[in-house]
Each structure stands twice: as structure tokens, then as C-alpha cells.
Amino acid sequence: GAVVSQHPSWVICKSGTSVKIECRSLDFQATTMFWYRQFPKQSLMLMATSNEGSKATYEQGVEKDKFLINHASLTLSTLTVTSAHPEDSSFYICSARLQGLAGTGELFFGEGSRLTVL
Amino acid sequence: ELKVEQNPLFLSMQEGKNYTIYCNYSTTSDRLYWYRQDPGKSLESLFVLLSNGAVKQEGRLMASLDTKARLSTLHITAAVHDLSATYFCAVDKETSGSRLTFGEGTQLTVNP
């Protein structure tokens, strides 16, 4: 099946620094990728929709200047958490949709990236 | 606003027993998904249900969709310990640009 890979799997950083998380579709092209955030014992919340070659679409309440999304190619989207603070500590998961004749439009999820901000 | 509600949120059951997890959603949807999540891991896709009356089965899990009732069920047959995980349903509203709205999750524990 289609594979979506995230990097890094986990990262620990100091408060005030920026952290970049990569999401790659390994064997298919994805014009659209999605970024989710999951706090412990909670469900996934959609943060933004990443569109190749254009600006990301953010969900209500998500600060676009804090969570920078870049989708520069059909296989890579990046999420940068700028000036991270402890409350940004979370599990970040990306997904990509397999479109076209070869796919049902099913979403595939990355392995997730656990961010801990000290 | 699309809302997705799962019931129950926590479920403890013994091996060999059957149980059903329910997923209600508030508006018309094009697709419904069931995912499994193990602790510290990402989501594993279980089922994608595309139409009213759809039923899919994989091993001890069977999912169904009733779009008129806006209800999906995940039925567990003869549970085994390996099924212990958190199960999420999610609804895809195509007109919204295919953004998923997730239910709260059902944390299942199967006891030997």
C-alpha cells in the first residue's frame, strides 16, 4: 500500500526554538496533505491542509504564523513549529490522499512525530 | 459544523466476548473511516465505508454504515488480547476538501 513517512519520529527541544517536521509520500504524489495534532488521551484534531504550490489552509484557532506549512513538491510537506513552548508538546501526524484511478481516495497516515518542548 | 461521536469511550471486555462500538455523525458524509491506534503509534487504517449499507469484515472486526441513520458500527467478534487499542472513526466530508473529523476514540482493553 501507499506509504507516508514522517521525520523525525520524536524530537525534544528547548522553549523558544523552532522545530521542522517533514512528511513525505514515498510511492505516490500528493497534491494535498493534512496535518493533525493529538494531545495525550485525546483524538486527532486537524490543524491545516497543505496544498502543493500554494498557501496552506488553516483550521479555526490554529495560528498560521506559529505553525508554518510548506508544500514545495508533490511528495513533501513540512510543518515548522516556530518559537515552540511547552504547550506545543504533542503528537503531530500528517496524512496524504491517494487520488486517481489507482486509489479510492483513501487517506494514508505518517508514523507521527512526538514533540516535547522543555 | 460536523460532529462525530463515539460510544463507548472506554471498553473493557474479556477474551471471547462480542461487542459493538458505535459512531454517530451529525451531517451527510461521503466516506467513513475506522482506524486503530496503538499507544505511541500513528493510525492504522481498518476500513473505508463508501455507501449506505456497506459492510466490511477483516478477521474479528466488522464495520457497517447506515447513512440514513448517520451511524457506523464496529463489531468485535470473539475478542482477543491483541485487539486492545484505541479505535477511531472519522468522517470525510468531500465538499469540505476531504478534511477528516474524528470521533473521540474508544479505548478497548481485552482481558485474558
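Bear in mind that the values here come from a model prediction, so they are computed numbers and not experimental data. (Residues numbered from 1 in each chain as written. Chains lettered and ligands numbered in written order. Predicted model: local features only at pLDDT ≥ 70, side-chain atom pairs only at ≥ 80, totals over all residues. Heavy atoms only, no water.)

Undergrad: Can you help me understand the packing of aromatic side chains in this one?
TA: The relation between two aromatic rings is expressed through the spacing of the ring centres and the mutual angle of the planes. As enumerated under the stated definition, the model contains 9 aromatic pairs over all chains in all. Residues tyrosine 36 of chain A and phenylalanine 109 of chain A carry aromatic rings whose centres are separated by 5.8 Å and whose planes lie at 45° to one another, so their mutual orientation is tilted. Of this pair, tyrosine 36 of chain A sits in strand S4 (residues 32–38) while phenylalanine 109 of chain A sits in strand S10 (residues 107–109), and the two are 73 residues apart along the sequence. Just as tyrosine 36 of chain A is buried, phenylalanine 109 of chain A falls in that class too. Look at phenylalanine 109 of chain A and phenylalanine 102 of chain B: their rings are 6.2 Å apart centre to centre, the planes differ by 70°, and that puts the pair in the edge-to-face class. (Phe/Tyr/Trp six-rings, centres within 6.5 Å; stacked < 30°, edge-to-face > 60°. Helix = DSSP H or I, 4+ residues; strand = E, 2+ residues; numbered from the N terminus. Buried < 20%, exposed > 50% of the residue type's maximum accessible area, 1.4 Å probe, protein only.)

Undergrad: Looking at this structure, I do not really get the sheet that holds strand S3 (residues 19–25) of chain B. What am I missing?
TA: Backbone-to-backbone hydrogen bonds pair the strands of a sheet. The strands run either parallel or antiparallel. Residue and element names in this part refer to chain B. Taking strand neighbours across the sheet as the criterion, the 5 strands line up as S1-S3-S8-S7-S6 in an open arrangement whose pairing is antiparallel. The open sheet has two free edges, formed respectively by strand S1 (4–7) and strand S6 (55–58), since each of these has just one partner strand. For this sheet, the mean inter-axis angle between neighbouring strands, taken without regard to orientation, is 15°. (Pairing = 2+ DSSP bridges. Axes fitted to C-alpha atoms, helices over the stretch in contact; angles between N-to-C directions.)

Undergrad: Is there a simple way to think about the interface of chain A and chain B in this case?
TA: By convention, interface size is frequently given as the accessible area that disappears when the constituent parts associate. Residue-level contacts link 22 residues of chain A with 20 residues of chain B. Here chain A and chain B share an interface that buries about 1,500 Å² over both sides, 50% of which is from carbon and sulfur atoms. When the buried area of chain A at its contact with chain B is split by residue, Ser43, Arg97 and Phe109 of chain A rank highest and sum to 28% of it. The interface formed by chain A and chain B holds 2 salt bridges in total. Close ionic contact of arginine 99 of chain B with glutamate 59 of chain A constitutes a salt bridge, the shortest N to O distance being 2.9 Å. Where chain A touches chain B, the interface holds 7 residue pairs in polar contact (both at pLDDT 80 or more). Breaking the side of chain A that touches chain B down by element, the ones donating at least two residues are S4, strand S5 (44–51), strand S9 (90–97) and S10 of chain A. Tallied by class, residues from the side of chain A that touches chain B come to 8 nonpolar, 8 polar and 6 charged. (Contact = heavy atoms within 4.5 Å. Buried area = accessible area lost by both parts, 1.4 Å probe. Salt bridge = Lys/Arg side-chain N within 4 Å of Asp/Glu carboxyl O. Polar contact = N/O pair within 3.5 Å; in protein donor to acceptor, adjacent residues only side chain to side chain. Nonpolar A, V, L, I, M, F, W, Y, C, P; charged D, E, K, R; others polar.)

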